[in-house]
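Structural overview for review
Chain by chain, the residues:
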Amino acid sequence: MAGDAWDEIKSHPTSKLTELFAQDAERATKYGFDQSGIYFDFSKTHLDDSLLATFLTLADQMDLSGNTDALFSGEPVNATEGRAAEHAAERGTGLDSSIANADALRNRMKGLVGAIDAGLLDDIDHVIHLGIGGSALGPKLLLEALQIGDETYETAVVSNIDGYALEPILERFSADKTLLVIASKTFTTSETLLNAQSVLDWMSQEDVADPFGKIVALTANPEQAVKWGIDESRILPFSESVGGRYSIWSSIGFSVALTLGFDAFEDMLAGAAEMDAHFRAAPFDQNLPVLAAFIDQYYAQAKNCETRAVFAYDERLRLLPDYLQQLEMESNGKSVTTDGEPLALHSSPIVWGGVGTDAQHAVFQLLHQGSHLVPVEFLAVIEPGHSLAPDHHKGLLLNCFAQGAALMSGKASDDPHRNYPGDRPSITVLLEALEAKTLGALLAFYEHRTFVNALLLGINPFDQFGVELGKEMAGKLSDMSGNKLDASTELLKKRAFPG
Ligand code: F6P
């Protein structure tokens, strides 16, 4: 059944984007949507009434409604791990009992933020937040996006095991005024724990009286944090049913709440809750995460686009592509359906991107004239936020809009080198201002879009078995006298560690 809908989608006869605009004077407003302080422009994509109708049929066949209800009802939608996916409960959307649990844990976190602000842990000027993947990307993104420079605490998020990531922070911070925040859902992730040990060693070397007394742990495995030596009063748990890459709403957001203030953290949750409400209530043909997923699937399946590019025309959002890489690629980079059958469709595209206008002078050549068709997503913020001359921001936004227009219209030339084929799609996401609430809504939009993409594909977006083998191999390799791996790997090891 779904096969027929996919066949129709794949063979959908498309007009050129410029023709779609010529056929419908209302196209720009028809595919432009306002939600939670964000304007979404889907008009420069090949979505049209008949393609939309076919996708709506597909959504019906894949029981998008039923599966969305299951997500918000705490059913085990993460079938391969037999778990619910309750990140939305952290912002008040979901099962009553899960919301109550999230509220209680958040109150605990608020208490600890207040106590630290009040000097419970003596004078704290610096915060080192250690985590990796979902335990770092969200905090990093939010701090970069929303800090204005007058914060009480200087907070650094360190994820990489490479000492070059941590050492400069240790050189800059004063050990006796540093709070160490260890963020790890499992509390077993080797990079995070090694970095944590190095920070503790540094604190001891710098004669901090009680380094363990300056640690806060954020985890769904509090027992493991206790075993590690952290006092229960400074362990902020969160629910096992909150996935790592969906965890910024939970206690993983502690460093954000501490640095930006608890009100900002709650604003972010409120923005996400607004997007949840929209996703649950809006008819699918007006539903932003659903429409965006239809567009994603059209380009992935019908046009065989292997990548999707995201360009933030705002330095403050420069980490958004990194955040989306994990969200989309770790969620939907799978080759089997939830039932374990081979996936007959393309899974998540490779997500990549950068910031405008820098990217224009580096990678946009390929976007305009390369042989790959790359759907592009532009993000920009109307309010500048900085105080430089208005020309800066005006130039930035106009460049952003010009790129979308140029990709679409192209420009014909008899000289093949100077010919721009055009008809290259883009979505533009325009934020009124970069605020915690708007950003919360934006991230929830991407979460739900990822979920809808997974449902259309028939895969489970909530597991990530693909990352396990590498961890296993790293474990084997670190046993220097243990099992041998392949000859090439053994030779590399010998070169690096001749002894
Ligand atoms: O290796 C992948 C992963 O499990 C991610 O899904 C997760 O966000 C990250 O590692 C960190 O895991 P943890 O929070 O358990 O340290």
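Some details on the pairing of strand S11 (residues 426-431)
Consecutive side chains along a regular strand alternate between the two faces of the sheet. When you tally the buried positions in S11, you get 6 out of 6 residues, the bulk of the element. Alternating positions in S11 separate into two faces, Ser426, Thr428 and Leu430 on one and Ile427, Val429 and Leu431 on the other, with burial throughout. Bridge count for strand S2 (residues 38-41) against S11 is 4 bridges, and the pairing is antiparallel. Paired with isoleucine 38 across the two strands is leucine 431, which belongs to S11.

Comments concerning the sheet that holds strand S5 (residues 178-183)
The strand order across the open sheet formed by 5 strands is S4-S3-S5-S6-S7, and the pairing between neighbours is parallel. The sheet is open, and its two edges are formed by strand S4 (154-158) and strand S7 (235-237), each paired on a single side. Averaged over all pairs of adjacent strands, the angle between strand axes in this sheet comes to 15 degrees, irrespective of strand direction. Across 3 bridges, the pairing between strand S6 (residues 215-219) and S7 is parallel. Residue pairing in the sheet places leucine 218 in a bridge with leucine 236 of S7. The strands that helix H6 (residues 96-117) touches are S5, S6 and S7; relative to S7, the one it contacts most, it runs at about 155 degrees. Taken strand by strand, helix H8 (residues 163-172) contacts strand S3 (126-130) and S4, and its axis lies near 160 degrees from that of S4.

A few points about the nonpolar core
Counting 106 residues, the largest nonpolar core has Phe42, Ile116, Leu179 and Phe254 as its most contacted members. Looking at this core, the element that brings in the most residues is helix H17 (residues 436-457), giving 14 residues. Residues from two domains meet in this core; each of domain 1 (2-82 + 269-457) and domain 2 (95-260) gives at least three. Setting aside anything within four residues of it in sequence, one finds phenylalanine 254 in contact with Met109, Leu112, Val113, Ile116, Leu179, Val181, Val216, Leu218 and Leu236. In this structure, Ile128, Ile182, Val208 and Ile230 belong to the second largest nonpolar core, which totals 25 residues.

What about the site of the ligand?
The local shell around the ligand holds 14 residues, among which Ser135, Ser184, Thr186, Thr189 and Glu330 are the closest. Within the contact set of the ligand, an oxygen atom lies 2.8 Å away from a backbone nitrogen or oxygen of glycine 134. For the ligand, whose free accessible area comes to 390 Å², the fraction covered by protein is 88%. In the shell around the ligand, the residues fall into 2 nonpolar, 9 polar and 3 charged.

A closer look at helix H1 (residues 2-10)
Buried residues of H1: Ala2, Ala5, Trp6 and Ile9, and no others. The arc that holds every buried residue of H1, seen down its axis, measures 100 degrees, which confines them to one face. Along its buried surface, H1 packs onto helix H4 (49-61), helix H13 (288-302) and H17.

Conventions we followed
- Residues numbered from 1 in each chain as written.
- Predicted model: local features only at pLDDT ≥ 70, side-chain atom pairs only at ≥ 80, totals over all residues.
- Heavy atoms only, no water.
- Buried < 20%, exposed > 50% of the residue type's maximum accessible area, 1.4 Å probe, protein only.
- Helix = DSSP H or I, 4+ residues; strand = E, 2+ residues; numbered from the N terminus.
- Pairing = 2+ DSSP bridges.
- Axes fitted to C-alpha atoms, helices over the stretch in contact; angles between N-to-C directions.
- Contact = heavy atoms within 4.5 Å.
- Core = buried A, V, L, I, M, F, W, Y, C linked by side-chain atoms within 4.5 Å.
- Domains from an automatic or database assignment.
- Near = heavy atom within 4 Å.
- Polar contact = N/O pair within 3.5 Å; in protein donor to acceptor, adjacent residues only side chain to side chain.
- Areas by Shrake-Rupley, 256 points an atom, 1.4 Å probe, with all protein chains shown as cover.
- Nonpolar A, V, L, I, M, F, W, Y, C, P; charged D, E, K, R; others polar.
- Arc of directions from axis to C-beta.

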